[in-house]
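# Analysis of the macromolecular model
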Amino acid sequence: MRIVAGKLRHRIIDMTNLDTTRETQDKVRGAIYNMIGPYFDSGKALDLFAGSGAMGIEAYSRGISHITLNDLNKDALLVCKRNCKALGITDVLFTNMDYKDFCLNRKEKYSLILLDPPYKMDDIEGILEMVYPLLDNDGIIVYEMGIDSKYPRDFHDLELWKNKEYGIKRVVVYRR
């Protein structure tokens, strides 16, 4: 797997190769960032279900100044750490927490929140409710889900900005 664009473009990163994670393919990751940016002037990004960290690392490569990579699976988090070390990324926080605990215990605001939970976690509104307080005033939430998942058109003061299908995956983007 490789970084698609930005200052780390073409750099290779490791995948988790775990049964519990689903890596976002390079082409889909590139399409997602082309939808929302494709580049940033700074800001903080949260990759709440990080897996290998590819989505958060891609944001960093494209100009996000600080990333937080969280995963409940310790082995996945080790891959995140290894990838960031290999790429020389130091503006990163690694956390090994359940997403609910993370959201309840963090007060930091993020300009970009990346959500790619296991598809069996289909409580999309519940997850949005947990992360909503962490989104800054001009923030964006990118939510990857199963193609048949039910999702809200609008949520609090967030508008459904983009909605694209990629094979068995749907990507929904909310913004303020």
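Residues numbered from 1 in each chain as written. Predicted model: local features only at pLDDT ≥ 70, side-chain atom pairs only at ≥ 80, totals over all residues. Heavy atoms only, no water.

Turning next to the sheet that holds strand S1 (residues 44-47). Read across the sheet, eight strands follow the order S3-S2-S1-S4-S5-S8-S7-S6 without closing on themselves; strand pairing throughout is mixed. In the strand order of this sheet, the two ends are held by strand S3 (92-95) and strand S6 (154-155), each with one partner. Note: strand S7 (residues 158-166) against strand S8 (residues 169-175), seven bridges, orientation antiparallel. By the bridge assignment for S8, Glu165 is matched with Arg170. The strands touched by helix H2 (residues 54-61) within the sheet are S1, strand S2 (66-70), strand S4 (110-115) and strand S5 (135-146), with S2 carrying the most contacts at an inclination of about 180°. The sheet strands contacting helix H5 (residues 124-131) are S4, S5, S6 and S8, and the helix crosses S5 at an angle near 155°. (Pairing = 2+ DSSP bridges. Helix = DSSP H or I, 4+ residues; strand = E, 2+ residues; numbered from the N terminus. Contact = heavy atoms within 4.5 Å. Axes fitted to C-alpha atoms, helices over the stretch in contact; angles between N-to-C directions.)

Okay, helix H1 (residues 26-36) next. In an α-helix, one turn spans 3.6 residues; hence positions three or four apart end up facing the same way. Burial analysis of H1 places eight of its 11 residues in the buried class, which makes it a mostly covered element. Those residues of H1 that fall on the buried side of the exposure criterion are Asp26, Val28, Arg29, Gly30, Ile32, Tyr33, Met35 and Ile36. Elements that come into contact with the buried residues of H1 comprise H2, S4, S5, S7 and S8. (Buried < 20%, exposed > 50% of the residue type's maximum accessible area, 1.4 Å probe, protein only.)

Grouped burial of nonpolar side chains is what soluble globular proteins tend to show. Counting residues in each nonpolar core, the largest one holds 32 residues, and the members touching the most others are Tyr33, Ile36, Ile57, Ile67, Ile89, Leu112 and Val142. Elements with a minimum of two residues in this core: H1, H2, S2, helix H3 (74-87), S4, S5 and S8. In contact with Ile67, not counting residues within four places along its chain, are Ala45, Gly56, Ile57, Tyr60, Cys84, Ile89, Asp91, Val92 and Leu93. (Core = buried A, V, L, I, M, F, W, Y, C linked by side-chain atoms within 4.5 Å.)

Here we come to unusual backbone geometry. Look at the link from Gly37 to Pro38: it is a cis peptide, with omega at 10°. With respect to the helices and strands, Pro38 occurs in the loop between H1 and S1. In this model, Ser42 sits at a positive phi of 145°, which is unusual for a non-glycine residue. Assignment of secondary structure puts Ser42 in the loop between H1 and S1.

Looking now at the environment of Ala76. With respect to the helices and strands, Ala76 occurs in helix H3. Taking the C-alpha atoms as reference, Ala76 lies 24 Å from Ile140; in sequence the two are 64 residues apart.

Moving on to H3. Compared with an ideal rise of 1.5 Å per residue, which puts 14 residues at 20 Å, H3 spans 20 Å between its outermost C-alpha atoms and is within 8% of the ideal. Along H3, the residues classified as buried are Ala76, Leu77, Val79, Cys80, Asn83, Cys84 and Leu87. Taken down its axis, H3 places every buried residue within 155° of arc, on the same side. Exposed side of H3, more than 90 degrees from the buried face: Lys74, Lys85 and Ala86 are the residues found there. In this structure, the buried side of H3 is in contact with H2, S2 and S3. Near the N-terminus of H3, the side chain that reaches the backbone nitrogen of Asp75, with its oxygen 2.8 Å away, is that of Asn73. Phi for Gly88, located one or two positions after H3, is positive at around 75°. (Expected span 1.5 Å × (residues − 1). Arc of directions from axis to C-beta. Polar contact = N/O pair within 3.5 Å; in protein donor to acceptor, adjacent residues only side chain to side chain.)

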